[in-house]
Amino acid sequence: MPNDTPAESETTRTTLSNVISCLSDYDPDALPVPDAQTIIRQFIQPINAVEKVAIRSALDRVLAADIVSPINVPSHDNSAMDGYAFRGSDLQKEQDLPLKIVGTAYAGRAYEGSVASGECVRIMTGAVMPLECDTVIPQEFTRDESEQGVTIPAGVVRTGDNRRLKGEDLAIGTPALQKGRILRPADLGLLASLGIGEVPVQRRLRVAFFSTGDELRSIGETLDEGCVYDSNRYTLHGMLTRLGCDIVDMGVIKDDPAALEAAFRTACENADAIITSGGVSVGAADYTKQMMAELGDVTFWKIGMRPGRPMAFGKIQSHGKEAYLFGLPGNPVAVMVTFYFLARQALLHMAGASAVEAPPMLRVVSKAAIRKRPGRTEYQRGILSLNSDGIQEVRITGSQGSGVLRSMSEANCMVVLEHDRAEVKAGDLVNVILFEGLI
Ligand code: AMP
Ligand code: MG
């Protein structure tokens, strides 16, 4: 359950003002993105609760303990090819080597006899190497193959070729996977190759979220004049699910103090983190901000970024429980950008993932000029493609307004224009983060 470890609340006594005081030139009304990221990272503490799951269920989960190899993989020296195993010391420079075949080694059924000089064993891929043999010639390189013998032409193999060594994948006692790793398909296979069927993982992070605003309507409701359908809860649903969180969707909450207080309290008592959208900019019916401030240690920022300038961050308390709070702006693109670049890493860190790095950045040519002012980080929605010369280039999607969700939907990447950067000219290099990867 959330808030379940006493040790956790002991270690999270750090206040936001403590964290912020370590930062020189702190200005909540003009906070550069890297500073906001630093404050968030320093304030967040990982949850600490572990469960054991079968390895198939461990996909995308955070490993909660180091895994040390209990065996050698592979357990014996074995052949990497179908061919003939023999003694490398029999090879003579510039001379063909005729060998007598004395037996066959299959994968799972070893050749039990011995192999003398001048002899060889027919061997299959994965079969254990006969004791005296250290070299394999692939079948297709041999000559004069018969039931009794085979010839190894001069110069096609060297001693030790085509042999996989015992423990070469993983030696017994060596670290195979480290605590804090998010398990990927290769890791499930690796665990299986060690004979491990169950692993300890961190319990999933529980994240509650709701949308705020009197103008918001849910699907199925009539869209009165001046109203919009609530889309943020659906993008948040998608982003949080992709991140492996357990989610609590609390719907739309009206700009009403009592309703907001009840929602914040319920979220706080049932989740590790709360994400809201809307109500944190200036000039709104600002009960959201008021309620956040009343219930905890929350700071309100104007971040040097576009989109996504206003944001609230901190921790709130209710009836002895506490939860981290990310009060994202209301505009649909701003929600996604602040989630990906300010909340995502923090949530992963909270979920126990170690070495949570920013996603890989590519540097590619911008097809056209992009308007940009120094003094804020801009996240433009881009389409990366190959040009006619086979070179990657990026162009930005049409309208880049922070309310234009279509720009996110059409894009396949984010063009990240750094804080100090000015105008981009056609042909300049820009940083790009892809939305999709191989895994
Ligand atoms: P706010 O930050 O509350 O001032 O909202 C900024 C803009 O985002 C307004 O145009 C809102 O109508 C819009 N907005 C806020 N929340 C949502 C939502 N959940 N879905 C779609 N648009 C929203
Ligand atoms: Mg609003």
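In this text the structure is predicted, and so the values were computed from the model without any measurement.

Definitions and limits used
- Residues numbered from 1 in each chain as written.
- Chains lettered and ligands numbered in written order.
- Predicted model: local features only at pLDDT ≥ 70, side-chain atom pairs only at ≥ 80, totals over all residues.
- Heavy atoms only, no water.
- Disulfide = S-S within 2.5 Å.
- Buried < 20%, exposed > 50% of the residue type's maximum accessible area, 1.4 Å probe, protein only.
- Phe/Tyr/Trp six-rings, centres within 6.5 Å; stacked < 30°, edge-to-face > 60°.
- Helix = DSSP H or I, 4+ residues; strand = E, 2+ residues; numbered from the N terminus.
- Core = buried A, V, L, I, M, F, W, Y, C linked by side-chain atoms within 4.5 Å.
- 1 Å grid on protein atoms, 1.4 Å probe; cavity = no way out; pocket = protein on both sides within 12 Å on 5 of 7 lines; lining within 4 Å.
- Points joined across faces, edges and corners; volume = space filled by probe spheres on them.
- Nonpolar A, V, L, I, M, F, W, Y, C, P; charged D, E, K, R; others polar.

**Some words on the state of the cysteines**
Item 1. Taken as a whole and judged by the stated rule, the model has 0 disulfides.
Item 2. With no disulfide of its own, Cys-245 lies 17 Å from the sulfur of Cys-268, the closest cysteine sulfur.
Item 3. You can call Cys-245 buried: its relative accessible area is 10%.
Item 4. Assessed through its relative accessible area of 0%, Cys-268 is described here as buried.

**Some remarks on the packing of aromatic side chains**
Item 1. Taken as a whole, this structure holds 7 aromatic pairs when the rule is applied.
Item 2. Pairing Phe-43 with Phe-313 gives two aromatic rings, centres 5.7 Å apart and planes at 80 degrees, and the pair type is edge-to-face. Taken together, the residues span a long stretch of sequence, with Phe-43 in helix H3 (residues 33-43) and Phe-313 in strand E19 (residues 310-318) at a distance of 270 residues. Phe-313 matches Phe-43 in its accessibility class, with the two residues each being buried.
Item 3. On the numbers, 5.8 Å between centres and 80 degrees between planes, the contact of Phe-339 with Tyr-340 is edge-to-face.
Item 4. By way of ring pairs, the aromatic residues Phe-43, Trp-301, Phe-313, Tyr-324 and Phe-326 are connected into one cluster.

**Comments concerning the nonpolar core**
Item 1. Counting 50 residues, the largest nonpolar core has Ile-275, Phe-326, Phe-339 and Leu-347 as its most contacted members.
Item 2. In terms of residue count, helix H8 (residues 332-350) provides more of this core than any other element does, 12 residues in total.
Item 3. With 19 residues, the next largest nonpolar core counts Cys-268, Met-292, Ala-312 and Ile-316 among its residues.

**Let's talk about empty space enclosed by the protein**
Item 1. Scanning all chains against the criterion turns up 2 cavities of 30 Å³ or more.
Item 2. In this structure, the largest cavity occupies an estimated 110 Å³ of space.
Item 3. Along its surface, the largest cavity is lined by Asp-60, Arg-61, Val-62, Gln-202, Arg-203, Arg-204, Leu-205, Leu-243, Gly-244, Cys-245, Leu-348 and Ala-351.
Item 4. The residue makeup of the lining of the largest cavity, split by class, is 6 nonpolar, 2 polar and 4 charged.

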